[in-house]
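Residues per chain, in single letters:
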Amino acid sequence: MKLARLEKVELRDQWKDEARDFTPWLAEDDNIELLGETIGMELEVISKEEKVGSFSADILCKDIATDKHVVVENQLEQTDHSHLGQVITYCAGLQTSTFIWIASQIREEHRAAVDWLNTITDDNFNFFAIEVQLFKIGESPVAPNFKVVAKPNGWSKNVKRQIVDDLNDTDKLKLEYWTAYREYVLSQPHVVFKPQ
C-alpha cells in the first residue's frame, strides 16, 4: 500500500500579511473554534484590532464558560520580546486574565516566560503559547495545526490543593518546610539543580 507524505507549508505562502490575512482568518468562527478546542475553551470573537490606548490587540475573545475576556496575539514569525510586552500590555489594558500567544515558533526563552507567568499567578490567570503550522497531503487543501507549547498548570494546582487537604498535621508541617526550602533554593542566583 502506497502512503502519501505529509508536507509542511510555509505560513507566508498562505498568509502574506499578519494583520490583513492571518488575523481575519483566525477570527473566523471555524478557526477560532479550532483554536479553542486545542486549549479546551469555547471562544467567541468580540473584536479584531481592539484598541488599547494607542495600541491594538489582534483579537479580543470571550470564554463562553466563564464569560471572561481573552486576548489573542499572533505572529507569523518566531516569538520576540516586543510581542511579549504587547500581549501583557493588552491584558492589563483590557483587564483580561487569559492570553493566547500564537507564533510560527515559540522561542525557548519565551516559553519559559509563559511558564513562569503560569507558575507565579493563581488559577484565575491563564497564559498559553501556541505554535501554528500548516500541512497538506499532495494537492489537498492546506490544513492548520495548533501545537500547545506552554499552558496553565491549573490542573496540577487543583490536584496539589486536594492532596494538601487530605494530609495530617505532621505531613502538612513537612510540606510547609520543604515548600519553603524549595522557594529558597530557587531564589538563589546560581542554583545548580532544579528542585521538584
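Preceding this paragraph is the structure being described.
Residues numbered from 1 in each chain as written. Predicted model: local features only at pLDDT ≥ 70, side-chain atom pairs only at ≥ 80, totals over all residues. Heavy atoms only, no water.

Enquirer: Which residues make up helix α3 (residues 29-39), and what are the values?
Expert: Owing to its 3.6 residues per turn, the α-helix brings residues three or four apart onto one side. For α3, the set of buried residues is N31, I32, L35, G36 and I39. All buried residues of α3 lie within an arc of 140° about the axis, which places them on one face of the element. Opposite the buried face of α3, by more than 90 degrees, sit the exposed residues D29, D30 and E37. Directly beyond the C-terminal end of α3, a positive phi value near 80° is found at G40. (Buried < 20%, exposed > 50% of the residue type's maximum accessible area, 1.4 Å probe, protein only. Helix = DSSP H or I, 4+ residues; strand = E, 2+ residues; numbered from the N terminus. Arc of directions from axis to C-beta.)

Enquirer: Requested: an account of the nonpolar core, with residues and values cited.
Expert: Counting residues in each nonpolar core, the largest one holds 24 residues, and the members touching the most others are L26, L35, I100 and I102. Not counting residues up to four positions away in its chain, the partners in contact with I102 are F22, L26, L35, V72, E73, N74, Q75, I130, V132 and F146. Ranked by size, the runner-up nonpolar core spans 19 residues in total, among them V71, F99, A113 and L117. (Core = buried A, V, L, I, M, F, W, Y, C linked by side-chain atoms within 4.5 Å. Contact = heavy atoms within 4.5 Å.)

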